[in-house]
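Below are the chains, spelled out letter by letter.
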Amino acid sequence: MKSQELRQAWIDFFVSKRHKLLPPASLVPAEMSTTLFTIAGMEQFVPVFLGEQAPPAPRAVTVQRCLRVAGAKSDIENVGRTGRHGTFLEMLGNFSFGDYYKREAIAFAWEFVTAVLHLEPERLYVTVHTGDDEAARIWSEEIGLDPARISRFDEDNFWTMGPTGPCGPCTEIFYDTGAEYACDATDTGPNLGNRYVEIWNVVFQQYNRAADGTLTELPRKAIDTGAGLERLLAVCNGKASMYETDLFTDLIAAQPAIGKTTLTAPERAVRQRIVADHARAVTFLVNDGVYPSNTDRGYVLRFLIRRAIRNGKLLGYPNGFLTELVPAVVRSLAPGYPELTDHAARIVAALSTEEQTFERTLERGMAILDRTIDEALEDCTSLISGDDAFMLHDTYGFPIELTREVAAERGVAVDGAGFETRMEEQRTRARADAAAKREVIAVTDVPAVESAFAGYDGLDARGTVVALLAGERQVASLASGQRGAIVLDRTSFYAERGGQIGDRGTLSADGLRFRVEDTQYVGDAIAHHGVVESGEVRVGATLTTAVDPHWRQEIRRHHTSAHLLQRALKDVLGDEVNQAGSWVGIDRMRFDFRWPGGALTPEQRREVSHRVNVMIREDAHLVTRELPLAEAKRTGAIWMAGEKYGERIRVVQAGPSIEFCGGTHAHTTGELGLFVMLSESSIGSGVRRIESCVSEAAEEFVAHQSAVIGSLATALSATPEELGARVDRLQRDVRDLQTALGQLKARLASADAQAYLDRAERHGDRTFVGAVVREAGSEAVRHLAGALRDRLPSGIIALIGVDGDAVSILVSASDDAVQSGLHAGNLVRLAAPAIGGKGGGAATQAQGGGKNPAGAEAALALVRDAVFA
């Protein structure tokens, strides 16, 4: 059986059982999720389980892509080493939202595995929760399973998606792969070893777990089935490993021929499987709108890319091999996910940029590693410190495994304990940061209401108060002077979403005035945050909503400018430009976009700005249509990969710009008046950011700039056109003066060389000249050291230069001093910590620097003591 045949069989079976086929969610979960990535098929239905949203249907079936690389559900360490673990997986799911429960769910499971997949019943075993007598009875009495093949477990049969959220007891189906796959004689049943493979898990969603661990009953009991496609496919084909199915064999075959490697044959196979798994994961992450970065999801993607490249390098693969695997991944998964074909070029571009970046990093890292190994051999320690290994890993992205392997080839070890200490310090910082960023926000106190937004056609509306919040508590009323949030069933206020900030204005009724300072979503409800200025508001009251006209006007115009900017960027730079995010405020707009071409040239910036202003002057009327998703995509509109869209989409056209968008916009492009690009910069690998403004903010910016230019022209006695040449001349003059000053300091220092030599210290056959040189930078120290060496052919010279808060250290050792056992690099490394810095170098000359002038004398004393030790 092929993978697409199994996907389709699953869908067809449950559709025949009156389940509605629903599209899969993105790998990027909803922002209220407590997981970094989608890890289960049920994740998109969490609000339904909690009663915050209405079910999309009584019964549903999905094929959900998932990523498990961190936390309790992580399989990263086992990837490629067992036949059943991967980072990227497809979860086959069937769901009931208060419709059927245990009896039907178990019956469906048994029917599918025995009647559709034709698995031998005698090779199937099940587990149930220790307290779930009902499930055990259904299996034994209604399905007819021998009680001897029913096992009970506690934690293994209680499913949770994380520390909080829906959870409940579960029953799992295991397949006996045969005695030849047993770990040992005790591997005689599920959860006891490798022989019995879990292929199906039915979760009886019954509870909601709070942050303190408290379990409360869900509004309705639900069924949540998860069956891993990869494991199930292996079992259907009589394979013990999912890596022997078409999902992986094609990707392994598509990899380059193995080159020069020290790996054993079994290890080569492991590395090939890791590359295949990670290629699937990174392809789908980019497809779903995740790009490499140093934070959150982007960091995980970067880690997976580099882990795949590192394993490929161990196999002797050439540069660029991972990018070249993308077409094979697309061919493998496109039958189930046809959108991969449309996004293939974007995926290739993103991975190619990251792969080239890391390959350059590897080259730099190798150069540094070679020097570090040389130093370890020269100082006879044959050991790379944990600090140096961590620096290679953290600064250059150089994997510790490669550091160990390369070092071992030259007889050098790595201080693994020291490295792990530094890594643990970093993990501690990361865990603290992640905990601060991912506090659980409970919205269960807010009634399950979807506030209707009535602000597309005007600024005013009327709505009924359905909830009042004071802090985190739901209250019955808010009195004058009290701060809180009001949730309405209908409002003209736009809640922050899609980068557009929330509206401000007032809510009012007879004797009541509530000033709205921000508008935010709480689930699907719209909460108006602010303060009661007069009167009292109670649940059930009808209020008039009035958005601040100026606030809305300027936000509408800036939001529309984002659409025009994206169109202009694509026109000028090409269709490989893709939006990565945006922020729309009242006086400026920020637009992030992916572009492999690096910084925009001045000509490109001018052309983009010109193109936006042309669209503004054309004064096109904006046209908004609400269309079914498939029809909306056929309009050619721009839409963001990875974004979750509903069944109907608002399509906004502003002249040549057509986009999916739920925000508020200007009535015509001419309203924007003028577009000004304020800045263009990098915010990550392959990601650029443009900040701009339009309308009143643009007018104010131009007026301010004109005033500044006028003031500068007056101060420099030049016309505005002459300012550039005048500033260039001033900068040249400053550079010339700085150079002359440095040379003067160097000559003065060199003139004092004899005075330093007169204070030379001699013990036995060693001569030491050392000094702390005040008001001397690194250049002056080098000049002085050269003058001293000219007059001192034999001996050690140690100079500590102090220039403000900067401290430089230089040590020079003559050839005979080196032959006697001294090493300039080691002396610098010994002294540098005293000045709060570091350094190193060759045996004859080394240098370093720091930021602690108070430690200069101590650093010099350390060198002196080492020379005469």
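A few points on the structure. Since we're looking at a predicted model, the values are computed, not measured.

1. A look at the environment of R617
Point 1. Within the element layout of this structure, R617 appears in helix α15 (residues 602-617).
Point 2. Note: C-alpha distance between R617 and T668 (51 residues apart in sequence) is 9.9 Å.

2. A few points about the sheet that holds strand β29 (residues 687-694)
Strand pairs in the sheet, formed through backbone hydrogen bonds, run parallel or antiparallel to each other.
Point 1. As summarised here, the arrangement of the four strands in space is β23-β24-β29-β28, forming an open sheet in which the pairing is antiparallel. Looking at strand neighbours, the two that pair on one side only are β23 (578-584) and β28 (675-684), the edges of this open sheet. Mean inter-strand twist for the sheet, computed between neighbouring axes without regard to direction, equals 20 degrees.

3. Here we look at the side chain of Q272
Point 1. Of note, Q272 is situated in helix α7 (residues 265-287).
Point 2. Discounting residues that sit within four places of it in the chain, Q272 has contacts with I252, Q255, I258, L315 and Y317.

4. Regarding the sheet that holds strand β27 (residues 657-660)
Point 1. On the basis of which strands lie adjacent, the open sheet formed by three strands has the order β25-β26-β27 and antiparallel pairing. With one partner strand each, in any of the chains shown, β25 (622-628) and β27 form the two edges of the open sheet. For this sheet the average axis-to-axis angle between neighbouring strands, irrespective of direction, equals 20 degrees.
Point 2. Sheet topology places strand β26 (residues 648-654) next to β27; four bridges connect them, and they run antiparallel.

5. Quick look at the layout of surface pockets
Point 1. Taken as a whole, the second largest pocket encloses approximately 790 Å³ of empty space.
Point 2. Residue lining of the second largest pocket: 25 residues in total, with E375, S385, D388, R829 and G839 positioned closest to the centre.
Point 3. Residue assignment for the lining of the second largest pocket shows that the elements contributing at least two residues are α10 (339-378), β10 (383-384), α11 (386-396) and β34 (838-841).
Point 4. The residue makeup of the lining of the second largest pocket, split by class, is nine nonpolar, eight polar and eight charged.

6. So, the side chain of R594
Point 1. On the secondary structure map, R594 appears in strand β24 (residues 589-594).
Point 2. For R594, which is buried and forms no salt bridge, the nearest opposite charge comes from D592, at a distance of 8.1 Å.
Point 3. Sequence-distant contacts of R594, that is, excluding residues within four places in its chain, are made with G289, Y291, E576, V577, N578, A580, G686 and V687.

7. As for empty space enclosed by the protein
Point 1. In this structure the tally under the stated criterion is one cavity of 30 Å³ or more.
Point 2. Of the pockets and cavities examined, the largest cavity occupies roughly 50 Å³.
Point 3. In this structure, the largest cavity is lined by G83, R84, T177, V197, R231, A234, V235, K239, A240, S241 and M242.
Point 4. The biggest single contributor to the lining of the largest cavity is helix α5 (residues 229-236), with three residues.
Point 5. Its residues assigned to classes, the lining of the largest cavity shows five nonpolar, three polar and three charged.

Conventions we followed
- Note on numbering: residues in each chain are counted from 1, in written sequence order.
- This being a predicted model, a pLDDT of at least 70 is required before a residue's local features are given, and a value of 80 or more before pairs of side-chain atoms are given or counted; all residues contribute to the totals for chains, interfaces and linings.
- The side-chain quantities take in all heavy atoms of the structure and omit both hydrogens and water.
- Only runs of H or I of at least four residues qualify as helices and only runs of E of at least two qualify as strands under DSSP, and these elements are numbered from the N terminus.
- At least two bridges found by DSSP between two strands is the condition for calling them paired.
- Lines fitted to the C-alpha atoms define the axes, with helices restricted to the stretch that makes contact. Angles between their N-to-C directions range from 0 to 180 degrees.
- Only heavy atoms matter for contacts: two residues are in contact if any of them lie within 4.5 Å across the pair.
- Put simply, the grid is 1 Å and covers the protein atoms alone, a cavity is a trapped set of points that fit a 1.4 Å probe, a pocket is an open set with protein on both sides within 12 Å along at least five of seven lines, and lining residues have an atom within 4 Å of a point.
- Grid points are joined across faces, edges and corners, and a volume is the space filled by probe spheres set on the points.
- Residues were grouped as follows: Ala, Val, Leu, Ile, Met, Phe, Trp, Tyr, Cys and Pro as nonpolar; Asp, Glu, Lys and Arg as charged; and all remaining residues, including Gly, as polar.
- With a 1.4 Å probe rolled over the protein chains alone, any residue whose accessible area is under 20% of its type maximum counts as buried; one over 50% counts as exposed, and the rest are partly exposed.
- The positive count covers Lys and Arg only, the negative count covers Asp and Glu only, and His and the chain ends enter neither.
- Every case where a carboxyl oxygen of Asp or Glu lies within 4 Å of a side-chain nitrogen of Lys or Arg is listed as a salt bridge.

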